[in-house]
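A closer look at the structure
The primary structure of each chain is shown beneath.
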There are 2 protein chains.
Amino acid sequence: MSDLIADLPKGPLTPFRETATFDWKALKVHLEGEESIKFKNEVYAVLSRDPIFARDFSRPSTDEYREINHKRWKAVLEHQFIDDFFAELERTQDLLEILETYDQGLSGRYALHANVFFSAILTIGTERHAEILEKTRNNEIVGCFCLTEVSHGSNTAEIGTLATFDKGEFVFTTPHDGAIKCWAGNLAQSATHAVVFARLIVGGKDHGPHAFALQVRDPNNYRSLPGITIGDMGTKPGVWDGVENGWMSFSNHRAPLWTLLNKGCDVTESGEYKSAYSSSRERQSVSLGSLSAGRIGANACRLAATIAIRYSCARHQFGEKPGSDNERAVITYPLQRHRLFPILAQAYVIRLYQSKLMNHFREYMMRMVGGEKSPELAELSKEVHGLSSCTKPLATWMGVAALGEARTCCGGHGFLQSSRLNNLRDDFDPSQTFEGENNVLLQQTSNWLVAKKAAGGDLKSPMGTTDFLVDGGALVDGPVVRRVLGAYTWLVHHLIAKTEMRHKELKAQGKSSFDVKNESQIYTAHTLSIAYGERVMLSWAQAFVDDAPIAFKSVLQRLVNIFALDRIEKHLSTLYIGGFCSGGSFGEWVRNTLIDEETLLAPDAISLVDVIAPPDFVLNSALGSSDGRAYEHLMAEFRRHTDKRTPFWGDLATFLHHKQQSKL
Amino acid sequence: MSDLIADLPKGPLTPFRETATFDWKALKVHLEGEESIKFKNEVYAVLSRDPIFARDFSRPSTDEYREINHKRWKAVLEHQFIDDFFAELERTQDLLEILETYDQGLSGRYALHANVFFSAILTIGTERHAEILEKTRNNEIVGCFCLTEVSHGSNTAEIGTLATFDKGEFVFTTPHDGAIKCWAGNLAQSATHAVVFARLIVGGKDHGPHAFALQVRDPNNYRSLPGITIGDMGTKPGVWDGVENGWMSFSNHRAPLWTLLNKGCDVTESGEYKSAYSSSRERQSVSLGSLSAGRIGANACRLAATIAIRYSCARHQFGEKPGSDNERAVITYPLQRHRLFPILAQAYVIRLYQSKLMNHFREYMMRMVGGEKSPELAELSKEVHGLSSCTKPLATWMGVAALGEARTCCGGHGFLQSSRLNNLRDDFDPSQTFEGENNVLLQQTSNWLVAKKAAGGDLKSPMGTTDFLVDGGALVDGPVVRRVLGAYTWLVHHLIAKTEMRHKELKAQGKSSFDVKNESQIYTAHTLSIAYGERVMLSWAQAFVDDAPIAFKSVLQRLVNIFALDRIEKHLSTLYIGGFCSGGSFGEWVRNTLIDEETLLAPDAISLVDVIAPPDFVLNSALGSSDGRAYEHLMAEFRRHTDKRTPFWGDLATFLHHKQQSKL
């Protein structure tokens, strides 16, 4: 095991490690698997030795950042960690996880081409796109993805870019500024090609949005092609400043016929349009983004927990008696544990959930690609869509909240660039709106659940995530998770019924179906999606614990208990209002048990962090270093800026002197 | 009125303005007063004409930022908006509000010297410090404030810097790295002087922390004085990168006797220490920070509401029927209103509350400075301290949450630097931990409330904020605010009782008083402080509405109702668990009424924003511009970055070409 996982340095964290009730290395192997750990060790070893990946706590300018990302991207390709992005799915996930925790600017640069651009062409292109796929795989071109426009993000059905068939070619135009493509990473400076969504106009008829694989730049001089204008969107917070989010407008740009990504549709040389299942195309692109979201949310919670819990062991403040020797580590305070241990629990639960979701999704994709067309697969399609549509909001909201909480848990020092916490929050913040605005996405889930109930048939589902609806849900006794799952079951039923009632009410008032949906979200359909998603996360995490070896069951159960209690606590008002419970006992039980479990988790907290923490050079945080020597790392950074007279000192000195003189 | 307040530009926001049920200019005058508006107009006019205050959406480097702040600071002084910081308290608040909304890096630069450094010497210095005060007032020196150390922020009683009396002087030493002073704004590059807190050691005896007014640099060459090392803390997010947060360590630095800020204490030439009320010194410095917090929180909510609500009127997405002409402004969606209107309400309520708090505080300070020593003043002291200790957490948490929510309400574009929302969240984030860590501060409030109840005597208080405790609080009928105040009264009683019961329980277990406090925070004492603070905010805001002219009563009442319902909604679980209510009706009433009030506020929302919005050049947001032409402003920024070939284009082109070649 020591070969596989390095020992941790001795130091201030040692006493906190010695109280662990389990073997942290063994748990890490159980959670990640030897193959994954070996692969990640290799990647870490290569990255840590390559000087291009060395960094300090300074912030580069936009130009510097983009150049560094470019060089690091080339290095990632040249190190050839992965041969085939799609054949080695698990190793790809490992690599993306590493790159994302290292720097999302780099993972973005890498994945937007190798994953997003590539799989768009793979899934909605045909044989005639084999060559461009090959060039993509071989990094002979750089791709990006252009769907979003200035005035359309969520409602992609109304994008405005036009692709008009004319004499055997497509002519691309941007009819007004609102139709300008934007938010395309890689576009502003590096992309030679783009998957571009535009309304296909053939013979005067608008066939709606279709995708095209266009060349946008001449790779020899990096100028955009005739009729194409490309630019940058300006500075952005955090590592996103290193991502080239570009905009693009078209002015009679002509492209060949083959550029149409023609799975299930086509336009002939003579200008005849053949129809397709256009809606399924969009459904797949939503799933792609949602799949990343679980990993993103888990990483955010993981980074937050690692930095803040380690620092909370190092930071001592206040004590029973005066004297700094009597001060206690802030991790010993119940309130600090209450703020941080649920984050640690989320890091584990979201990750376990994400693994299982990926397995299901892989199965699903194989069946889709295989051409299956069964009713069960259609049901599975809806379930995948419904589940991923609430996963993404839950995971990203939890992740961003975790980083914000972790920052303030670390006091003032938590704000420094050298802590990385505020920066990380900036880095993860866009995940709440990219790949689908969270609140809009949640509607997909509730729509599906309500329709499923209304359809009257089988309440079960292919992945089993709605099987719980067969029961009514009730206030039960038993272990923590059993009680909480019972509450969730009741809650989901209650919210489906409430949504249906609200729909009835609004229809009776003559509202359109559009308004019926919009006016039944708050505390109702919106909460329904959240409750369903949390229940699935909890139930999948519990299944993992049920299958875990005895050596880890206790500590993993405690984490899952904390997740369960922390999440259901936020629904107590609805549970009380709806009549699931009344009087103090259920609510007090939830709150008191949560505090008790947090107390009981304390001896294991640091070791649970050690299991999931990235290596120090990836974490890049003075406060979160595995040696626990936070003040030393802080002071090392402070001392890099010793006695630096400011460039404007002379001007200031003159000003003060002048003020003195003017008094006389 | 048109002379006083400029008209708003016609454009996309005009239809949203035409639905207002009140005269926005008249409300602005009522809220701010003509004198304040005139003063602010003058300041705005000067700032908008002075090129040093012009800015675009780019982000300067750390050095550039500090230099710009330096130049702007000089300009603010040279424009002489204020003659005397403390004589013109209301105009000072106006100026700070403008500078803070413009750029907290600039307001920090200004206030740390003119306010923090100056008032520290004013309040704990004596006649012998008249000269240094004069120099401060006249800007012949630059001051900063050094209390926090690397290992002590909240527990200032344990700071480690030593000031040892030796032969008629004080010798300053830093015994270990944890005692290094840090987080002192202005220190890193500009300060010539500092108020430094150090343990006073006289004849081998440690008299605890005392304050000293030290010179730290030679103003002629800007080198630190012998025995003093100064440095910078490294890069920080947002505008704080423009604030010179410095660190300082001492190595046998000798300073004269007069540097001791000797109000109520002293050390003679021969080394005799005379005692003082050292604890009152600290109490005053907490109040100072808390006073800024209300203004800071109000500004954060104000900026969030202005940008997000204006943009939500400009942004159209989805509609009943297909076609982009049928898409609706996102402000028309109930969920969007539910996310944003409480923020607008908070902007108003916190501001009204802050005004009243400042008035009370001014009275209090006059009585303290006048030397009064009555029991009533002692009670007032406790009340001021208790109230400001929960104000600061509430206002800053609301402010930061508001900016985070506003950012995601604006979708992807909300993340751009040109939106300013994420940057503003970074800018306001530290307010949650500077001038007192929020959760530590809240303990002061609950300690006071519990002690007051336990003392048995008069439950009323000099400012009247605890007078409500004379009633028990109950589920009542009547107007919204009356019902919500009744719930808060019950809640505060309940939480005091719960805290007392928890204390009893823990004492019976033999816990120390330190542990008793720590183990009675979660869902108990912590929530008590929050409930009390929210109740005071609500009740003071309601008093303002009660006194308002008929023309504004309705719209102001609606805002206060939304504030009340939004805040009490978050306490529903506790109200149900504790037995204040049972069954659906109270909870449903809170939630449904909140949604109804949000619907009813909609016609007035944009005009309520116009009342509080800063001028466009101060707001500096493409999305929040008063002309509502968000896409035009975005595109103008995007077009500034058109067709910029990246510096590394040649390297990338070569790389791609090589990949192509290597295949052959």
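Please read all numbers here as calculations on a predicted model, not as lab measurements.

1. Considering the overall build of chain A
From N to C terminus, chain A includes 21 helices and ten strands. For 664 residues, the compact-globule estimate of 2.2 N^0.38 gives 26 Å, and the C-alpha radius of gyration of chain A, at 27 Å, lies within 12% of that figure. The buried share among the 664 residues of chain A stands at 63%. A separation of at least 24 residues holds for 73% of the contacts in chain A among residues at least 6 apart in sequence. Carbon and sulfur atoms make up 52% of the accessible area of chain A, which amounts to about 23600 Å² in all.

2. Re the interface of chain A and chain B
If you look at the interface, chain A gives 130 residues, while chain B gives 130 residues. Between chain A and chain B lies a buried interface of about 12000 Å² when both sides are counted; carbon and sulfur atoms form 59% of it. Residue Asp241(B) pairs with Arg59(A) through a salt bridge whose shortest N-O separation is 2.8 Å. Put simply, chain A and chain B have 58 residue pairs in polar contact (both at pLDDT 80 or more) between them.

3. Points about the environment of Glu97(B)
All names here are of chain B. Relative to the helices and strands, Glu 97 resides in helix H5 (residues 89-102). A sequence separation of 44 residues divides Glu 97 from Ile 141, and the C-alpha atoms of the two residues are 24 Å apart. In contact with Glu 97, not counting residues within four places along its chain, are Lys 40, Arg 295, Asn 299, Arg 302 and Arg 351.

4. A short note on the packing of aromatic side chains
Applying the stated rule across the entire model yields 35 aromatic pairs over all chains. Relative to Tyr102(B), the ring of Phe53(B) has its centre 5.8 Å away and its plane inclined at 75°; by these criteria the two rings are edge-to-face. Placement of Phe53(B) in the loop between helix H3 (34-49) and helix H4 (62-79) and of Tyr102(B) in helix H5 is noted, with a sequence separation of 49 residues between them. Plain terms: the ring middles of Phe580(B) and Phe586(B) are 5.2 Å apart, the flat faces sit at 80° to each other, and that makes the pair edge-to-face. For Phe580(B), a relative accessible area of 7% puts it in the buried group. These aromatic residues form a ring-pair network of at least three members: Phe165(A), Phe170(A), Phe172(A), Phe212(A) and Phe250(A). In this structure, Arg109(A) is placed above the aromatic ring of Trp73(A), and the distance from its NZ or CZ to the ring centre is 4.1 Å. The ring of Tyr523(A) has Arg591(B) lying over it, and the distance from NZ or CZ to the ring centre is 4.4 Å.

5. Examining the UniProt feature "active site" (unreviewed entry) in chain A
Summarizing the sequence annotation, UniProt attributes the feature "active site" (unreviewed entry) to Glu435(A) in the numbering used throughout. With respect to the helices and strands, Glu435(A) occurs in the loop between helix H11 (421-428) and helix H12 (438-455).

6. Regarding the pairing of strand E5 (residues 193-202) of chain A
Note on strand geometry: in a regular strand, side chains alternate between the two faces of the sheet. Residues and elements named next belong to chain A. Taken across its ten residues, E5 has ten buried, putting it largely inside the fold. As judged from the two bridges shared by strand E1 (residues 145-146) and E5, these two strands associate in the parallel manner. In the sheet register, Phe 145 faces E5, and the bridge partner there is Val 195. Bridge count for strand E2 (residues 162-166) against E5 is three bridges, and the pairing is parallel. Bridge pairing links Thr 164 to Ile 201 in E5. Linking E5 back to strand E6 (residues 205-215) in an antiparallel pair, the connection comprises two residues, with Gly 203 at a positive phi of about 60°.

7. Points about the relation of the copies chain A and chain B
Taken as rigid bodies, chain A and chain B are interconverted by a rotation of 180° and an axial shift of 0.0 Å, the fit giving an RMSD of 0.0 Å. Look at the turn and shift together and you get a two-fold axis relating the two. In terms of C-alpha distance to the rotation axis, chain A has Ser573(A) as its closest residue, with the C-alpha 2.3 Å off the axis. A shared binding surface is used by both copies, with 100% of the interface residues of chain A retained as interface residues in chain B.

8. Some remarks on empty space enclosed by the protein
One pass over the structure, following the stated rule, counts seven cavities of 30 Å³ or more. Approximately 70 Å³ is the volume found for the second largest cavity. Taken together, Ala188(A), Arg217(A), Tyr222(A), Arg223(A), Ser224(A), Ile230(A), Asp643(B), Lys644(B) and Arg645(B) make up the lining of the second largest cavity. Its residues placed into classes, the lining of the second largest cavity shows three nonpolar, one polar and five charged.

9. Side note on the UniProt feature "domain: Acyl-CoA oxidase C-alpha1" (unreviewed entry) in chain A
As recorded in UniProt, the feature "domain: Acyl-CoA oxidase C-alpha1" (unreviewed entry) lies at residues 299-450 of chain A. Between the C-alpha atoms that bound residues 299-450 of chain A there is a distance of 32 Å. The span itself is 71% helix and 0% strand.

10. So, the environment of Glu379(A)
Tracing the sequence through the fold places Glu379(A) in helix H10 (residues 375-409). The residues contacting Glu379(A), other than those within four sequence positions of it, are Lys452(A) and Pro462(A).

11. Describing the environment of Phe53(B)
Residue and element names in this part refer to chain B. On the basis of relative accessibility, which here comes to 2%, the residue Phe 53 falls in the buried class. Between the C-alpha atoms of Phe 53 and Val 76, which are 23 residues apart in sequence, the distance is 10.0 Å. Those residues in contact with Phe 53, other than ones at most four positions away along the chain, are Leu 47, Arg 72, Ala 75, Val 76, Tyr 102 and Leu 106.

12. Observations regarding H10(A)
With 35 residues, H10(A) ought to run about 51 Å at 1.5 Å a step, and its terminal C-alpha atoms sit 50 Å apart, in line with that. Backbone geometry just downstream of H10(A) places Gly411(A) in the positive-phi region, at approximately 60°.

13. What to know about unusual backbone geometry
All names here are of chain A. Phi at Glu 435 is positive, roughly 55°, even though this residue is not glycine. The backbone phi angle of Asp 643 is positive, close to 45°, even though this residue is not glycine. On the secondary structure map, Asp 643 appears in the loop between helix H20 (630-639) and helix H21 (649-663). A residue is classified by how much of its surface remains accessible, and Asp 643, at 39% relative accessible area, is partly exposed.

14. Some details on H5(B)
Helical geometry: 3.6 residues make up each α-helical turn, so side chains three or four residues apart lie on a common side. All names here are of chain B. The end-to-end C-alpha distance of H5 is 20 Å, a good match for the 20 Å that 14 residues give at a rise of 1.5 Å each. With twelve of its 14 residues buried, H5 lies for the most part within the structure. If you check which residues of H5 are buried, you get Arg 91, Thr 92, Gln 93, Asp 94, Leu 95, Leu 96, Glu 97, Ile 98, Leu 99, Glu 100, Thr 101 and Tyr 102.

15. A word on the pattern of salt bridges
Residue and element names in this part refer to chain A. Inspection of the entire model under this criterion finds 95 salt bridges over all chains. We note a salt bridge from Arg 339 to Glu 405, for which the minimum N-O separation is 2.5 Å. In this pair, Arg 339 sits in helix H9 (residues 334-369) while Glu 405 sits in helix H10, placing the two residues 66 residues apart along the sequence. Residue classification places Glu 405 among the partly exposed positions, given a relative accessible area of 28%. Two residues, Lys 452 and Glu 379, come together in a salt bridge whose shortest N-O distance is 3.5 Å. Of the two residues, Lys 452 sits in helix H12 while Glu 379 sits in helix H10, which places them 73 residues apart along the sequence.

16. A word on the state of the cysteines
Scanning the entire structure with this criterion turns up zero disulfides over all chains. You can see Cys144(A) has no disulfide; the closest cysteine sulfur is in Cys146(A), sitting 4.0 Å from it.

17. Details of the pairing of strand E2 (residues 162-166) of chain B
Residues and elements named next belong to chain B. Only one face of E2 is covered, namely the one carrying Ala 163 and Phe 165; the face carrying Leu 162, Thr 164 and Asp 166 has none of its residues buried. Summarising the sheet, E2 and strand E3 (residues 169-173) pair through five bridges and their orientation is antiparallel. In the sheet register, Thr 164 faces E3, and the bridge partner there is Val 171. Hairpin geometry of E2 and E3 is characterised by an intervening segment of two residues between the two adjacent antiparallel strands and by a positive phi of about 45° at Lys 167.

Basis of the calculations
- Residues numbered from 1 in each chain as written.
- Chains lettered and ligands numbered in written order.
- Predicted model: local features only at pLDDT ≥ 70, side-chain atom pairs only at ≥ 80, totals over all residues.
- Heavy atoms only, no water.
- Helix = DSSP H or I, 4+ residues; strand = E, 2+ residues; numbered from the N terminus.
- Rg over C-alpha atoms; globule rule 2.2 N^0.38 Å.
- Buried < 20%, exposed > 50% of the residue type's maximum accessible area, 1.4 Å probe, protein only.
- Contact = heavy atoms within 4.5 Å.
- Areas by Shrake-Rupley, 256 points an atom, 1.4 Å probe, with all protein chains shown as cover.
- Buried area = accessible area lost by both parts, 1.4 Å probe.
- Salt bridge = Lys/Arg side-chain N within 4 Å of Asp/Glu carboxyl O.
- Polar contact = N/O pair within 3.5 Å; in protein donor to acceptor, adjacent residues only side chain to side chain.
- Phe/Tyr/Trp six-rings, centres within 6.5 Å; stacked < 30°, edge-to-face > 60°.
- Lys NZ or Arg CZ within 6 Å of the ring centre and 35° of its normal.
- UniProt positions renumbered as here; feature names shortened; annotations may be inferred.
- Pairing = 2+ DSSP bridges.
- Least-squares fit on C-alpha atoms with pLDDT ≥ 70 in both.
- 1 Å grid on protein atoms, 1.4 Å probe; cavity = no way out; pocket = protein on both sides within 12 Å on 5 of 7 lines; lining within 4 Å.
- Points joined across faces, edges and corners; volume = space filled by probe spheres on them.
- Nonpolar A, V, L, I, M, F, W, Y, C, P; charged D, E, K, R; others polar.
- Expected span 1.5 Å × (residues − 1).
- Disulfide = S-S within 2.5 Å.

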